[in-house]
Structure formats: structure tokens, C-alpha cells
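Descriptive structure summary
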Amino acid sequence: MRKLFTIVLLAFLAIEASAQSDPNMGIIPAPVSVKKNSGTFKLDKTVVLISNEPKNSRMADLLNAFVTTKGGFALREVKSESANEKAIILTSEGADQMPAEGYKINITDKKITITGKEAGLFYAVQSIMQLMPEKQNNEILVPAAEINDYPRFKYRGLHLDVSRHFFPVALVKKYIDVMSQYKLNNFHWHLTDDQGWRLEIKKYPKLTSVGGSRNGTIIGHHPGVGTDNKEYKGFYTQDEVKEVLAYAAARFINVVPEIELPGHASAAIAAYPELSCFPERDTFIDPKTPWSGSRKGKQVQQQFGVFDDVFVPNDNTFKFLENVLDEVIALFPSKYIHIGGDECPKEYWKQSEFCQKLIKKLNLKDEHGLQSYFIQRIEKHVNKRGRSVIGWDEILEGGLAPNATVMSWRGTEGGIAAAKQNHDVIMTPNAGGLYFDHKQSNSPDEPTNIGGFAPYTSSYAYDPMPKELNADQQKYVIGVQANLWTEYIQTPVKVEYMIIPRVFSLAEIAWSQAERKDLKNFSEQRLPLHLARLDKSETNYWVPAPIGLNEKVLNGENFNLELKAPVEGSKIYYTLDLTRPSINGNLYTNGVKVIVPKGEKRILKTVVITPSGKQSVVTETILNNGAADVKAK
Ligand code: ACM
């Protein structure tokens with residue numbers, strides 16, 4: 001018992017020592033500056049909490065609820081300071097001079113002063129909650145420090161596709177919680193696509209009664225092994241949307257709704273076939289996919305991909321879209337309305353006599369010109385309502401709409417081109433580690449995913465500011481976003497698995513100054529702390545491989561591998577006999593010593609098991625001493 005106590009105590013002290021040595025005091029994303037001072041603020045139940053402006057009392061309550069959970073005591077909230085009381089003070093005095101969303105925290109022996117206004121104060125509270133160590137003997141010892149912080153980019157976004165799979169309001173709120181805790185401020189809600197229309201539009205009820213439901217989902221990776229043939233449906237009522245919007249606004253998150261046009265429109269067309277170039281065609285039947293072979297009539301897509309049946313650019317369609325957008329605009333306060341614009345095949349427009357005549361009549365060059373006309377006409381309507389459009393980077397083709405913001409997803413080129421045309425840009429390149437539907441490791445243990453490889457280190461490595469732009473052009477890069485497409489994500493727990501910890505990398509590249517980037521500190525000090533906290537909660541996450549090991553070949557004869565737990569409190573198990581590591585394997589304690597004879601190799605397999613029982617994928621490392629079947633690097 002005594003021994004166990006000693007081990008627990010040592011582990012605890014190790015965690016505390018790691019927190020003390022962290023130059024970022026455990027905060028993700030890393031602040032602009034952290035200056036550590038000598039001294040400690042002893043947070044105990046005698047401390048008072050002061051917020052002298054009524055508008056800040058919500059933040060005081062937020063902090064107090066946190067202290068109550070963490071320390072087991074609630075702080076007395078008072079209006080003003082008195083000489084002998086230790087205090088935490090929340091104030092907006094002096095915050096007008098700070099950069100937008102910025103804040104300062106000053107921790108001394110006597111008081112903690114938190115300065116900021118609105119979002120800034122909210123973010124300050126997030127930081128103070130993150131830096132607070134665990135309690136010891138009924139007090140929380142907060143090290144003295146001065147923190148100054150503000151964001152690098154004003155648009156810090158995370159996207160969620162709710163068309164391919166639908167997620168309940170509870171998951172959306174949890175998503176917003178995570179975003180706000182890590183200082184992201186734009187939730188891009190991808191509400192419509194081929195596989196389902198998910199937003200109630202009162203004027204067009206069939207959008208959700210027909211377009212919100214499909215008669216099956218492919219099983220496995222596209223083209224899959226067939227379909228489950230089960231009805232799959234779901235949509236958000238406007239009342240539910242209002243609930244989400246209020247929840248997001250309270251956390252300083254703007255919600256950008258996306259209504260896809262002119263492509264990815266087949267759910268809308270299933271509901272209202274007259275929106276197609278060829279209303280009579282049984283267009284959703286793809287002879288290459290036997291499970292949909294002979295079905296007649298319009299239906300919502302149950303397979304994943306890009307489809308030729310897109311909106312016909314006639315007056316009826318524009319009227320329809322304007323009415324839809326008017327309801328969207330009435331519902332969502334966002335300055336930005338996302339109108340899609342990506343992956344719109346031109347095949348039906350080529351085949352359509354109406355479209356060909358329209359191209360001639362408008363003196364357009366080709367179908368790309370028609371896409372540009374489509375986007376510009378929609379933009380005009382949205383601008384008339386006082387809002388701005390965002391579109392995926394295909395909206396550059398055939399000429400950019402005059403006021404549009406471009407989301408650069410196919411690479412960085414679209415963003416660079418748009419910035420050079422003095423258009424605002426949000427960077428979200430699919431090869432930049434920002435497509436969170438890509439796999440997080442090369443292990444076969446990863447759940448079914450769309451492909452691609454985007455470990456959190458790739459997300460972390462990406463710099464949203466293209467080097468190709470000069471200082472003037474760089475001003476148009478307003479931010480960065482990661483996207484979660486959900487073709488292969490059916491459940492809320494898998495949503496969590498796919499975004500965490502990559503969302504922490506996103507937060508850091510979106511918020512922190514480029515020169516504050518430090519992968520070693522991020523992955524070896526802060527990530528293990530944040531993941532350990534999550535491990536105690538109901539939130540799922542991807543468990544990293546042991547620190548000190550990558551999936552690679554190591555060459556040598558005498559190996560002495562030093563590993564560290566990627567989640568504080570987790571255990572590493574390993575094998576060298578080719579079996580799968582588990583609690584029945586070797587428990588890593590202090591180094592793996594292996595001697596490999598000349599011409600041979602050993603395969604070190606590791607797995608991490610967290611205190612809650614979550615497991616990492618198995619990582620394999622070849623310890624090679626010139627084996628014939630191992631390629632030299
Ligand atoms: C996209 O990923 N199709 C924008």
C-alpha cells in the first residue's frame with residue numbers, strides 16, 4: 001500500500017514538474033507571451049471573485065463553476081476589492097487598447113487580474129482554466145506569471161458535414177464547446193449535399209421530408225460492399241437551429257451556414273425535380289453500382305461521390321434559391337453565407353439545350369462562365385440582404401464574384417490567386433493536414449476513413465500564410481479552417497475521435513503567432529496534459545503513439561529506446577515476438593533494451609492504454625541491423 005502510494009505520489013509530482021517546466025503553462029493554443037514570475041497564488045475558499053461590470057458576471061460564473069469542480073469550493077463573488085482579501089478580478093478596464101479578442105492575465109501572490117472584453121475575457125477564462133494545476137490539500141497553487149495574448153487570424157474555423165451523416169443537436173453543442181475552449185470562432189455547418197438536406201425550409205417542406213431521407217447507406221469504403229437498405233434520415237428544425245445559434249453566440253462562435261450550389265444538389269433535386277436540367281431523367285441510377293441498378297424515380301443519393309445532376313440555371317431555380325437563402329439569412333446572423341460552388345460537373349449543362357442557349361445569350365465563354373454567372377447572381381442577392389458569400393475555390397473558375405471570400409481547399413493555389421485579386425481568403429487545403437476525415441496514422445487499426453494521411457503533426461506543421469504573397473496581399477488571408485466530411489463517420493464518438501487531437505493543432509496554427517510554434521513542447525508537454533483531462537471525461541479522442549517512437553525503421557545493433565506516455569497516466573505495452581501488444585505484453589517502465597544480431601531485425605510493437613482504458617493503434621518499429629528484407633532509407 002505504502003509502495004503504491006509512493007508510486008502515485010511520484011507520478012503526480014512528475015505531472016506537476018512537467019506543468020512547471022512548460023513555457024506555455026499548459027495553454028493550447030500557445031499565447032503570444034508568457035512571463036513566469038516568482039511566487040504562487042494560493043487559490044482556496046477564502047479567495048473572492050470580483051467582476052465589477054455586470055456584463056462580465058457571466059464569465060465570473062463560468063470561472064466559479066470550474067473552480068467549484070476542480071477545487072471543491074465555490075468562491076464568494078463580490079463587487080469591489082478590500083485590502084486584505086486575496087482576489088481574482090475580472091475586468092474590462094484598459095481592454096479597449098488591446099487587439100480584438102485579446103486579453104491579459106497577471107498572477108501574483110495576492111491576486112489574479114484578468115483583463116479583456118467580450119470574447120477576449122472569455123478566452124482569458126479558458127486560458128486560466130487550462131493553466132490551473134490539480135488541487136493539493138484543498139488549495140490550487142497557481143504559479144505567478146504575466147500572460148499577454150491575442151489571435152494571429154481573425155477567422156478560425158471548423159466545419160462539420162451533417163449531410164452524409166446526421167448528428168444530433170447534442171453533438172453539435174459538444175463540437176461548439178471544444179471549439180470555444182480552444183479559441184476557434186467560426187463553425188461552418190455544411191447543411192446540404194447530395195446525401196441529405198438537413199435544414200428545415202418552411203417554404204419548401206419537401207426539402208426535408210423527401211430530401212432529408214435516403215433509402216440506404218453504402219457499407220464500407222466507396223463503392224463498398226453494398227448498401228444496408230435502411231432508411232436514413234434527419235434534419236434540424238428552425239427552432240433547433242436557433243437553439244444552436246444561441247449556444248454558439250454565448251461562446252463567441254459565429255455559425256456559417258452552407259447551402260451547396262450549383263452542384264452537390266441532388267437531395268434538393270430529389271425533392272423538387274424541376275430544379276434539374278432533366279427533370280424526367282432517372283439520373284441517380286448508376287449502372288456501375290448494382291445496388292441502385294433498377295430503382296425508378298428520384299431518390300436521394302446513398303452512395304458517395306460527385307454527381308452530374310446539378311441545378312439548372314433558370315429563373316425558377318434562382319427564385320427557389322433566393323427564397324431558401326432568405327430563410328437562411330433570417331435565421332443565421334452570420335455576415336458570411338457559404339454557397340458551396342465546389343465540384344459542379346458541367347456534363348448536364350453541356351447536354352442541356354437551355355444551358356447552351358443561355359451561354360450564347362449571356363455571351364459567356366463556356367460552362368465555367370455559366371458557373372461564374374450562377375455564383376455572381378446568387379452573390380448579388382445575398383449582398384442585397386447585407387451579407388457576404390464564401391465559396392470553395394472553384395468559384396475562381398470563369399471569373400470571381402466581386403465580393404466573394406474564397407475557401408482554398410484543393411491546395412493553396414486558389415487562395416493565393418484570390419488574395420492576388422484582393423479577395424479575402426480562408427485557407428483549408430486538403431493536403432495541409434486540415435481534412436480531418438483523413439486517417440491519423442498508417443496503422444490498419446484505424447477505423448474506415450476516406451483515405452489520405454493527416455496526423456496531428458501535419459496539421460501542426462501547416463502555416464496558413466502562403467509565402468508566395470507579399471505583405472499587402474497577405475492581409476487578405478483572414479484565417480484557416482479544418483473540415484470534417486462525414487461519409488465514413490456515422491457516430492458522435494467517431495466525430496470526436498477524428499477531431500481530437502487534430503483540433504488542438506488547428507487551434508495553434510489559427511491563433512498562435514508563427515514564432516511560438518513548438519511541436520516538441522506541444523506534443524510532449526501540453527498534449528499529454530489535455531488528453532489526460534479528456535480521458536476523465538465522456539469525450540472520445542485518438543490516442544497518440546508513445547512519445548519517442550514513430551512508425552519507421554531504426555538502424556543499429558544495441559537499442560535502448562526511451563519512451564514517454566503521450567497521455568499523462570497512460571501505460572505503454574510492447575512486444576518483440578510479433579504478437580499484438582496488450583496488457584499481457586511487456587509493460588514499459590524505463591527503456592526498451594534490444595540487441596539485434598548482424599543481418600537480423602526485430603519488430604517492436606507498442607500500444608498505449610490510457611487510465612480510462614482507451615487504446616492507441618498499434619505502432620510498429622523495425623529495429624534493423626542490416627536485415628536483407630529491410631530497405632535502407
Ligand atoms: C470539398 O472538399 N469538396 C470542398
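Computed from a predicted model, the values in this text were never measured in an experiment. (Residues numbered from 1 in each chain as written. Predicted model: local features only at pLDDT ≥ 70, side-chain atom pairs only at ≥ 80, totals over all residues. Heavy atoms only, no water.)

Quick word on the pattern of salt bridges
Going by this rule: Salt-bridge detection follows one rule: a side-chain nitrogen of Lys or Arg within 4 Å of a carboxyl oxygen of Asp or Glu. In DSSP terms, a helix is any run of H or I states spanning at least four residues, a strand is any run of E spanning at least two, and both are numbered starting from the N terminus.
One pass over the full model with this rule turns up 32 salt bridges. Residue Arg-156 pairs with Glu-101 through a salt bridge whose shortest N-O separation is 2.7 Å. One end of the pair, Arg-156, is in strand E8 (residues 155-161); the other, Glu-101, is in the loop between strand E4 (87-91) and strand E5 (103-107), and 55 residues separate them in sequence. Taking the shortest distance from any N to any O, the salt bridge between Lys-202 and Glu-200 comes out at 3.7 Å.

Some remarks on the state of the cysteines
Note the cut-off: Note on terminology: pairs of cysteine sulfur atoms within 2.5 Å are recorded as disulfides. Between buried and exposed lies partly exposed: a residue is buried under 20% and exposed over 50% of the maximum accessible area for its type, with that area taken using a 1.4 Å probe on protein chains only.
Enumeration according to the criterion identifies zero disulfides in this entry. Here Cys-277 stays free of any disulfide, with the sulfur of Cys-355 as its closest cysteine sulfur at 4.0 Å. On the basis of relative accessibility, which here comes to 14%, the residue Cys-277 falls in the buried class.

Comments concerning the pairing of strand E17 (residues 405-408)
The condition is simple: At least two bridges found by DSSP between two strands are what make those strands a pair. Looking down the strands as they point away from the viewer, one classifies a crossover as right-handed if the path from the first strand across the helix to the second runs clockwise.
Side chains of E17 alternate between two faces, with Thr-405 and Met-407 and Val-406 and Ser-408 buried alike. Pairing of E17 with strand E18 (residues 425-427), which is carried by three bridges, proceeds in the parallel orientation. From the neighbouring strand, Val-406 faces E18, where its bridge partner is Val-425. The parallel pair E17 and E18 is bridged by helix H12 (residues 413-420), and the resulting crossover is right-handed.

Description of the environment of Asp-193
To keep things clear, this is the line we draw: Polar contact is the term for a pair of N or O atoms within 3.5 Å; when the atoms are in protein, one must be able to donate a hydrogen and the other to accept it, and sequence-neighboring residues count only if both atoms are side-chain atoms.
Secondary-structure assignment places Asp-193 in strand E10 (residues 192-193). For the pair formed by Asp-193 and Asp-161, sequence separation is 32 residues and the distance between their alpha carbons is 8.7 Å. Polar contacts involving the side chain of Asp-193 include one to the side chain of His-264, which spans 2.8 Å.

What about the UniProt feature "active site" (unreviewed entry) in the chain?
Note the following rule: UniProt positions are given in the numbering used here, feature names are shortened, and annotations may be inferred rather than shown by experiment. The contact definition used throughout considers only heavy atoms, calling two residues in contact when any of these lie within 4.5 Å.
As recorded in UniProt, the sites labelled "active site" (unreviewed entry) are Glu-343. By the secondary structure assignment, Glu-343 is in the loop between strand E15 (336-340) and helix H9 (347-351). The class of Glu-343 is partly exposed, set by a relative accessible area of 29%. Discounting residues that sit within four places of it in the chain, Glu-343 has contacts with His-264, Val-306, Glu-394 and Trp-409.

A word on the environment of Met-407
Among the structural elements, Met-407 can be located in strand E17. Residue Met-407 is classed as buried on the basis of its relative accessible area of 0%. Apart from residues no more than four positions distant in its own chain, Met-407 is found in contact with Tyr-155, His-188, His-338, Ile-390, Gly-391, Trp-392, Asp-393, Ile-426, Thr-428 and Gln-481.

A look at the sheet that holds strand E16 (residues 388-392)
Convention followed: Axes here refer to lines fitted to C-alpha atoms; in helices the fit is confined to the stretch in contact. Angles between the N-to-C directions go from 0 to 180 degrees.
Ordered in space as E8-E9-E14-E15-E16-E17-E18-E19, the eight strands form a closed barrel in which the pairing is parallel. Neighbouring strand axes in the sheet, compared pairwise and without regard to direction, differ in orientation by 30° on average. The sheet contact formed by E16 and E17 spans three bridges and is parallel. Each bridged residue has a counterpart across the sheet, and for Gly-391 the counterpart in E17 is Val-406. Each of strand E14 (254-261) and E15 is contacted by helix H8 (residues 315-331), which is oriented at about 170° to E14, the strand it contacts most.

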